[in-house]
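Overview (structure and organization)
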Amino acid sequence: MRTDDPEILQLCTELAQALKASGRMLATAESCTGGLIAACCTSLSGSSDWFERGFVTYSNTAKTEQLGVPAALIEAHGAVSEPVARAMALGALAHSRAQASIAVTGVAGPTGGSPEKPVGLVWFGWALGDQAWTECRRFDGDRDTVRAATVRHGLQGLLEGLGRLASRGEGQ
């Protein structure tokens, strides 16, 4: 996946504007994308105005050590699960100075899938302050296609969340 994909750069630009307008900084917590969301965000000049930090927590141990995801939660539900995506999103905020986060955990393939968690399954977690939400998606394609789709959807999900807050007058 390239960090100069025009669609992804457009999403990053829109997200940058929304974050700056709301006075928020972003932190990412990435597993299956291995830091691609952070790389895309920081490919924009001036991203230090709205991007605070990125956590690449590929292993379960990293999720626990860097984000505070309880090991028991991972053991009970697996790393690719709703509770872990939520905990990653909230952990990114708790372990940074950001007020907004994107978290992703999934099976990018081509190996690692199972009938319960097939290749292309990704759990997303987003957080704005103390509000967190999650979503599960399944993307078709090879590893690069799944990871690129994950980056796009992660950025879009936070952008939509910021838009909802702004429409309710909670943008600041």
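Just so we're clear, the structure is a prediction, and the values are computed from it rather than from any experiment. (Residues numbered from 1 in each chain as written. Predicted model: local features only at pLDDT ≥ 70, side-chain atom pairs only at ≥ 80, totals over all residues. Heavy atoms only, no water.)

**Re the nonpolar core**
By size, the foremost hydrophobic cluster in this structure holds 34 residues, and its most contacted members are L15, L26, C41, W50, I102, L155 and L158. Every element with two or more residues in this core is listed here: α1 (6-22), α2 (36-42), β3 (100-106), β4 (121-128) and α6 (143-167). Those residues in contact with I102 that sit more than four places away from it in its chain are L15, L26, A27, T28, A29, I37, G125, W126, G154, L155 and L158. (Core = buried A, V, L, I, M, F, W, Y, C linked by side-chain atoms within 4.5 Å. Buried < 20%, exposed > 50% of the residue type's maximum accessible area, 1.4 Å probe, protein only. Helix = DSSP H or I, 4+ residues; strand = E, 2+ residues; numbered from the N terminus. Contact = heavy atoms within 4.5 Å.)

**Some points on the side chain of T150**
Among the secondary structure elements, T150 is positioned in helix α6. Within the structure, the side chain of T150 is placed 2.8 Å from the backbone oxygen of V146, a separation counted as a polar contact. Not counting residues up to four positions away in its chain, the partners in contact with T150 are C32, T33, V104, V122, F124 and F139. (Polar contact = N/O pair within 3.5 Å; in protein donor to acceptor, adjacent residues only side chain to side chain.)

**Some points on the environment of H95**
Relative to the helices and strands, H95 is located in the loop between α5 (82-94) and β3. Between the C-alpha atom of H95 and that of N60, which follows or precedes it by 35 residues, the distance is 17 Å. Setting aside anything within four residues of it in sequence, one finds H95 in contact with R53, F55, Q66, L67 and G68. Within the structure, the side chain of H95 is placed 3.4 Å from the backbone oxygen of L67, a separation counted as a polar contact.

**Side note on the sheet that holds strand β2 (residues 51-56)**
Pairing in this open sheet of 5 strands is mixed, and the strands run β2-β1-β3-β4-β5 from one edge to the other. Bordering the open sheet on either side are β2 and β5 (131-138), each of which pairs with just one other strand. Averaged over neighbouring strand pairs, the angle between their axes works out to 15 degrees when direction is ignored. Summarising the sheet, strand β1 (residues 26-30) and β2 pair through 5 bridges and their orientation is parallel. Residue L26 lies in a different strand from β2, and its bridge partner there is F51. Strands in contact with α6 are β1, β3, β4 and β5; relative to β4, the strand with the most contacts, it is inclined by about 30 degrees. (Pairing = 2+ DSSP bridges. Axes fitted to C-alpha atoms, helices over the stretch in contact; angles between N-to-C directions.)

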